[in-house]
Amino acid sequence: MKKSTTRTFVFILVVIVGVVGYFAYLSGKSRDAAKDAAMTATQIVLSRDLQNNYPPTVKEVVKYYADIQKCFYTEGCTEEEVEQLGMKARELYDADLLAINDVTSNLLQLKAEVDTFQKDGRQITAASVASSANVDTFTEDGYEFARIHCTYTVLDGGQSSLVDTVYLLRRDENRRWKIYGWDLAANVDPRD
């Protein structure tokens with residue numbers, strides 16, 4: 001009986017070690033697969049479906065737009081990604097802004113700007129959108145408008161600087177806030 005018990009014990013031990021070893025092997029493979037599946041910031045931004053998941057507030061529209069800008073000027077995007085990001089940005093633009101920026105020239109200009117920015121070694125390292133409490137809303141010519149600040153941190157030659165931008169948004173017929181335009185805060189009269 002002792003031989004039989006020993007054989008059974010050894011057999012069970014070998015099976016347990018085999019099962020544990022196989023589980024560890026599969027666990028390692030799934031971790032490697034998860035690492036490979038990690039999305040870049042650009043892929044995350046591009047994956048947003050703006051038809052069904054449009055940003056609901058002024059702040060969220062500008063925050064998403066700032067995420068696009070960071071991808072342009074930080075990620076080292078391919079030409080195809082720049083074009084895709086440019087098209088995402090255009091989905092946030094007001095109809096009047098789209099009317100004065102045809103797709104072809106807009107994308108060509110964008111690619112040139114991104115290329116120059118990268119060649120000069122500049123990057124946008126952060127973007128900070130003002131709080132929702134700091135959104136200035138007003139009505140003009142029957143349209144609802146909103147103004148909000150976004151501050152970009154730009155790294156240029158090892159030196160960082162802040163670029164304060166004011167975005168003007170207009171609510172469209174679907175009650176979505178669309179980017180009507182923007183300018184540097186230094187160029188905007190705070191009384192307007």
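Remember, it's a predicted structure, so these values are computed and weren't measured experimentally. (Residues numbered from 1 in each chain as written. Predicted model: local features only at pLDDT ≥ 70, side-chain atom pairs only at ≥ 80, totals over all residues. Heavy atoms only, no water.)

Chemist: An account of the layout of surface pockets is needed here, citing residue identities and associated values.
Modeler: Its volume calculated, the largest pocket comes out at about 570 Å³. If you go around the largest pocket, you meet 24 residues; those closest to its centre are Tyr65, Gln69, Tyr73, Glu113 and Trp182. It is helix H6 (residues 103–119) that contributes the most residues to the lining of the largest pocket, five residues altogether. Considering only enclosed or pocket space, the second largest pocket measures out at about 240 Å³ in volume. As for the second largest pocket, its lining consists of 15 residues, and the residues nearest its centre are Asp94, Arg170, Arg171, Asp172 and Glu173. At the level of elements, helix H4 (79–91), helix H5 (95–99), strand S3 (143–156) and strand S4 (159–171) are the ones that each hand at least two residues to the lining of the second largest pocket. Each residue belonging to the lining of the second largest pocket can be placed in one class, and the counts come to four nonpolar, one polar and ten charged. (1 Å grid on protein atoms, 1.4 Å probe; cavity = no way out; pocket = protein on both sides within 12 Å on 5 of 7 lines; lining within 4 Å. Points joined across faces, edges and corners; volume = space filled by probe spheres on them. Helix = DSSP H or I, 4+ residues; strand = E, 2+ residues; numbered from the N terminus. Nonpolar A, V, L, I, M, F, W, Y, C, P; charged D, E, K, R; others polar.)

Chemist: Summarise the environment of Val154; cite the residues concerned and give the values.
Modeler: Examined against the element boundaries, Val154 turns out to sit in strand S3. For the pair Val154 and Ile124, spaced 30 residues apart in the sequence, the C-alpha separation amounts to 4.5 Å. When near neighbours in sequence (up to four residues on either side) are disregarded, Val154 contacts Phe117, Gln123, Ile124, Gln159, Ser160, Ser161 and Val163. (Contact = heavy atoms within 4.5 Å.)

Chemist: Kindly report on the side chain of Thr165, identifying the contributing residues and their values.
Modeler: Tracing the backbone shows Thr165 in strand S4. When neighbours within four sequence positions are excluded, Thr165 is seen to be in contact with Ile148, His149, Cys150, Tyr152, Trp182, Asp183, Leu184 and Ala185.

Chemist: How would you summarise the nonpolar core if you had to cite specific residues and measurements?
Modeler: In a soluble, globular protein the nonpolar side chains are often hidden away together inside. One finds Leu92, Ile148, Tyr167, Leu169 and Ile179 to be the most contacted residues of the largest nonpolar core, which totals 37 residues. Those elements giving two or more residues to this core turn out to be helix H3 (58–74), H4, H6, strand S1 (122–129), S3, S4 and strand S5 (177–184). Among the elements that take part in this core, H3 stands out by supplying ten residues, more than any other. With residues near it in sequence (within four places) discarded, Ile179 still touches Val61, Tyr65, Leu92, Tyr93, Asp94, Leu97, Tyr167, Leu168 and Leu169. (Core = buried A, V, L, I, M, F, W, Y, C linked by side-chain atoms within 4.5 Å. Buried < 20%, exposed > 50% of the residue type's maximum accessible area, 1.4 Å probe, protein only.)

Chemist: Please set out H4 residue by residue, giving values where relevant.
Modeler: Taking 1.5 Å per residue as the helical rise, H4 with its 13 residues ought to reach 18 Å, and the 19 Å between its terminal C-alpha atoms agrees with that figure. Those residues of H4 that sit buried are Val82, Leu85, Gly86, Lys88, Ala89 and Arg90. In the core, the buried residues of H4 are packed alongside helix H2 (41–46), H3, H5 and H6. (Expected span 1.5 Å × (residues − 1).)

Chemist: Outline unusual backbone geometry, listing residues and values.
Modeler: Despite not being glycine, Asp141 shows a phi value in the positive range, around 50°. Turning to its location among the elements, Asp141 is positioned in the loop between strand S2 (136–140) and S3. On the basis of relative accessibility, which here comes to 71%, the residue Asp141 falls in the exposed class. Positive phi values are uncommon outside glycine, yet Arg175 reaches one of about 65°. Along the chain, the position of Arg175 falls in the loop between S4 and S5.

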